[in-house]
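Chains, contacts and geometry: an overview
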Amino acid sequence: MSYLPIKQILQAPTVGQDITVKGWVRTKRESKNAVFIALNDGSTIHNIQAVSEAGQLPDDTLRLITTGACVAITGTLVESLGSGQAVEIKIAEVHVYGPADPEKYPLQPKRHSLEFLREIAHLRPRTNTFSAILRIRHALAFAVHKYYNDNGFFYLNTPIITASDAEGAGEMFRVSTLDPINPPKTEDGKIDYSQDFFGRETNLTVSGQLEGELGAMALGKIYTFGPTFRAENSNTTRHLAEFWMIEPEMAFYELEDNMALAEDFVKSVIRYALDNCADDLAFLDNRQKEEEKNKKKEEQSEMSLLEKLRFVVDNDFERLTYTEAVEILRNSKPAKKGQFQYEVSWGIDLQSEHERYLVEKHFKKPVILTNYPREIKAFYMKQDSEPATNSRGEVFGPTVRAMDVLFPGIGEIIGGSQREDDLDKLTGRMAEVGIEPEAIWWYLDTRRFGTAPHSGFGLGFERLVLFVTGMGNIRDVIPFPRTPKSAEF
Ligand code: ATP
Ligand code: MG
Ligand code: MG
Ligand code: MG
């Protein structure tokens, strides 16, 4: 039996047409003369209303039509007399595929808390909020591929199981076929990975960058878009143990080119969502306005979700160095009043409170920070030739050509850099931080043979979805969040 998506019917309604729709009942309302069913099939935020005369549907069927039941409705599309919808279906027949016991079905027609919905992540896509988020997530993913395809990048699939630790941060999930309780040991008491399926210690990837660089040094411009894993026990609203990362890597790009690409890229995908997800964004915009009303006046945001998205798309990002940012932060009101949890001094890794101060209070727009201290960044970043100095002429330590893009409400959304392309400098830095050249001999080969300036960055896809949907918790923008406490399904 064929059926029409509700989105298609509502976009171009043909009154008088006989149609079938299939989906899940949101509400059923009975009046003296009629039965009203609101049906949603996931294709759009909007429900379609179906109406039958009282007594027309068999009692057995009517009883099974409750919130959450899955049904097929056949009938004629007619103009609606009620307010709220232009057209509705005059029901000829209802077929119930699957009832949903109203005593047990957890999603009743009321607003459930996000905390409660996280406990029923398997059903929450049936709510307006989550279906809107998932459709926007889809559109953004599509926009990512479209952007890179339109701009001459190749999609490179990097491995998920790997022996390399791109970030050197050691927050990895081990992958092993060995008995975890009683693994075979070598003579010196270490786990004997030579008996493992992979013959050596392997992990789930934390980033596809190092392999991405190999691609860039052959294809010119590549991007990865795949799952990445970090065993960080951070119960923040910005971190997941499993998240999706988009990592473009470009030969012949220097830091300036990298920044320009990052800005153009995020603006372009956000614009795509504004152009293609208008209904879902309008729904989330309203939702956020309602939430804002419950907040204290001083905590209410000055812009609505849609205003914020348009603002980001229409304005230049602010660009400054880490050293300049530290100066601003040290002279800021919260620093003087001791309101930052972490004190700011040159050399610290900025915390999200500092990043958000710069973006939300000082510049009031997205910020790209560059030239971070070498000591807090990964070994592969290109070293600057001069150490940093501030406006008073103070000289600080060595810096690297790193860039972080900071967004309102989020903090770091992108981390990237120009890569060290000089073999001696790279191996020198590796020796300082204790990485054996043998461990990534294949990576060093790109510097050994035909090295070239190149750059890239990583965008956490969920942080982008978080920003575009205006949600407050990263667990609410991925279908199945993996956090220290959730891995059941
Ligand atoms: P943060 O400082 O927020 O912990 P990071 O500097 O550790 O991030 P990078 O290694 O630079 O992160 O990774 C690149 C991007 O991946 C980040 O800019 C961010 O958007 C995203 N990201 C990093 N860690 C996570 C995580 N645990 N969950 C979701 N996204 C993440
Ligand atoms: Mg981190
Ligand atoms: Mg960071
Ligand atoms: Mg980073």
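The shown structure was predicted, so the numbers you read here are calculated from the model rather than taken from an experiment.

Quick notes on the packing of aromatic side chains
The relative placement of two aromatic rings is captured by the distance of their centres and the angle of their planes. By the definition in use, this model includes 20 aromatic pairs. For the ring pair Phe-379 and Tyr-380, a centre distance of 5.4 Å and an interplane angle of 70° mean the geometry is edge-to-face. Of the two residues, Phe-379 and Tyr-380, neither departs from the other in class, the shared state being buried. Their ring planes at 75° and their centres at 4.7 Å tell us that Phe-407 and Phe-467 sit as a pair that is edge-to-face. Highlighted residues: Phe-407 in strand E14 (residues 399–407) and Phe-467 in helix H14 (residues 461–469), separated in sequence by 60 residues. By the ring-pair criterion, three or more aromatic residues cluster together here, those being Tyr-147, Tyr-148, Phe-153, Tyr-155, Tyr-223, Phe-265 and Phe-457. Lying over the aromatic face of Phe-36, Arg-29 brings its terminal NZ or CZ to 4.4 Å of the ring centre. The aromatic ring of Tyr-372 is capped on one face by Lys-377, whose charged end is 4.2 Å from the ring centroid.

Re the site of ligand 1
Within the structure, ligand 1 sits among 16 residues, and Glu-232, His-239, Glu-412, Ile-413 and Arg-463 are positioned closest to it. The contact in question runs from a nitrogen atom of ligand 1 to an N or O atom on the side chain of Glu-232, over 2.5 Å. Here an oxygen atom of ligand 1 and a backbone polar atom of Gly-460 are 3.1 Å apart. Expressed as a share of its isolated accessible area of 580 Å², the protein-covered part of ligand 1 is 81%. Elements represented by at least two residues in the shell around ligand 1 include exactly strand E11 (242–251), strand E15 (411–418) and strand E16 (454–460). Ranked by residue count, the leading element in the shell around ligand 1 is E15, at four residues. Among the residues forming the shell around ligand 1, the class breakdown is six nonpolar, four polar and six charged.

What about the side chain of Gln-288?
Topologically, Gln-288 is positioned in helix H7 (residues 278–293). Judged by relative accessible area, Gln-288 falls into the buried class, the value being 15%. Ignoring sequence-local partners within four residues, the contact set of Gln-288 consists of Ser-304, Leu-305 and Gly-470.

Comments concerning the UniProt feature "coiled-coil region" (unreviewed entry) in the protein
What UniProt calls "coiled-coil region" (unreviewed entry) maps, in this numbering, to residues 274–309. In residues 274–309, helix accounts for 67% and strand for 0%; the two terminal C-alpha atoms are 8 Å from one another.

Some points on the side chain of Thr-323
Along the chain, the position of Thr-323 falls in helix H9 (residues 322–330). Assessed through its relative accessible area of 6%, Thr-323 is described here as buried. Contact partners of Thr-323, with chain neighbours within four places excluded, come to Trp-346, Ala-388, Thr-389, Asn-390 and Phe-396.

Notes on the sheet that holds strand E13 (residues 367–373)
Pairing in this open sheet of eight strands is mixed, and the strands run E6-E10-E11-E16-E15-E14-E13-E12 from one edge to the other. Looking at the sheet topology across the chains shown, the edges are occupied by strand E6 (154–155) and strand E12 (318–321). Sheet analysis places E14 next to E15, joined by six bridges and oriented antiparallel. Following the sheet pairing, Phe-407 is matched in E15 by Gly-411. Here helix H4 (residues 128–150) sits on the sheet in contact with E6, strand E10 (221–229), E11 and E16, set at roughly 150° to E10.

Conventions and cut-offs
Residues numbered from 1 in each chain as written. Chains lettered and ligands numbered in written order. Predicted model: local features only at pLDDT ≥ 70, side-chain atom pairs only at ≥ 80, totals over all residues. Heavy atoms only, no water. Phe/Tyr/Trp six-rings, centres within 6.5 Å; stacked < 30°, edge-to-face > 60°. Buried < 20%, exposed > 50% of the residue type's maximum accessible area, 1.4 Å probe, protein only. Helix = DSSP H or I, 4+ residues; strand = E, 2+ residues; numbered from the N terminus. Lys NZ or Arg CZ within 6 Å of the ring centre and 35° of its normal. Near = heavy atom within 4 Å. Polar contact = N/O pair within 3.5 Å; in protein donor to acceptor, adjacent residues only side chain to side chain. Areas by Shrake-Rupley, 256 points an atom, 1.4 Å probe, with all protein chains shown as cover. Nonpolar A, V, L, I, M, F, W, Y, C, P; charged D, E, K, R; others polar. Contact = heavy atoms within 4.5 Å. UniProt positions renumbered as here; feature names shortened; annotations may be inferred. Pairing = 2+ DSSP bridges. Axes fitted to C-alpha atoms, helices over the stretch in contact; angles between N-to-C directions.

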